Amino acid sequence: MHCHSTFSDGVFSPQELLSFAQQKELTIFSITDHDTIDGTNIAKEQSEEFSFMYLTGIELSSRYEKQKIEILGYNFDVLHKNFNQKLKLLQMARKQRIHKVIARLEEIDIDITYEDIMKQIGEGVSAGRPHFARALVENGHVKTVKEAFEKYLGVGKPGYVRRETIEPEEAIKIIHSAKGTTILPHPLLVEVEDIEKLEYYLNLLLSWGLEGIEVYYNYSYHCPHLSERTVKNGILFLEKFCKKNDLLMTGGSDLHDHKAIFGEVKIPEDEIQKLIQHFTV
Ligand SMILES: [Zn+2]
């Protein structure tokens, strides 16, 4: 229920992702591109021929007290006017950042042009750091996307530029305005060491109307530095938290380009049933 297509910073088209979902026999599926619904709309139109439940999805970038907190939105009204206007503004902020990153890299003699980035973005409108990383690989500045992040694009590195973003409260409001359901993705990326701090963020999000948490996530791939024990304890805490507060529990691979992780995250059957019920009513 969480992956990215070529319309944001993924490498697979909506059509390809739909067929992966079919192959993996998923029950519920959604493409959740960053700040754009173009890819998820295409998938929605084509999803009727598949047996899984397809939900329109989006992942909105937001920040609270310097902490990056993204918000997933599902099953919204894709035609809602205000919602679409807000998305356009968020996409513009992403475009402005491209020029800033190019200038930063130029300062350290890394030559990347606007065209190089646009080539990576292709049909998408949501420019993100993975596009830069792939352009750096293609132009021979680094060997892998990972190296691009480690050397140039990660937080605190010379090519890192923080994007102007909204606060999670507004992200939740934007999704609710179009009658969508809001979910916090990968909560252990928000905070993992200090469970009390995580609980503080979760309670804040609940007070703003959050409906669920992406409890199940491919941490071993996305955060190999986290020990198995830490992740296990984190998930146990999240499951308890969701039960106590009657929240939806979702799961997702957050696939961008590494196909092997697709469909590997499992959601318990009774939680899947709750999701189906929630999204059917
Ligand atoms: Zn994501």
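Remember, predicted model here, so these are calculated numbers, not experimental data.

*Asks:* Would you explain the domain arrangement of the chain in this entry?
*Replies:* Interfaces are often sized by the amount of accessible area the parts lose when they come together. Here the chain is partitioned into domain 1 (14–78 + 171–280) and domain 2 (86–153). Distance between the C-alpha centres of domain 1 and domain 2: 25 Å. Facing eight residues of domain 1, the contacting portion of domain 2 comprises ten residues. Residue composition of the side of domain 1 that touches domain 2, by class: two nonpolar, three polar and three charged.

*Asks:* Any chance you could explain helix α11 (residues 228–245) here in plain terms?
*Replies:* Each full turn of the α-helix corresponds to 3.6 residues, which orients residues three or four apart in the same direction. Given a rise of 1.5 Å per residue, 18 residues ought to cover 26 Å, and the 26 Å separating the end C-alpha atoms of α11 matches this to within 8%. Taken together, the buried positions of α11 are occupied by Gly 234, Leu 238 and Phe 241. With its buried residues spanning 60° around the axis, α11 presents them on a single face. The exposed residues of α11 that point more than 90 degrees off its buried face are Glu 228, Arg 229, Lys 232, Leu 236, Lys 240, Lys 243 and Lys 244. Those residues of α11 hidden inside the fold are in contact with α8 (187–190), α9 (195–207) and β8 (212–217). One or two positions beyond α11, positive phi appears at Asp 246, with a value near 55°.

About the cut-offs
Residues numbered from 1 in each chain as written. Predicted model: local features only at pLDDT ≥ 70, side-chain atom pairs only at ≥ 80, totals over all residues. Domains from an automatic or database assignment. Contact = placed C-beta atoms within 7 Å. Nonpolar A, V, L, I, M, F, W, Y, C, P; charged D, E, K, R; others polar. Helix = DSSP H or I, 4+ residues; strand = E, 2+ residues; numbered from the N terminus. Expected span 1.5 Å × (residues − 1). Buried ≥ 20, exposed ≤ 12 C-beta atoms within 10 Å, placed from the backbone. Arc of directions from axis to C-beta.

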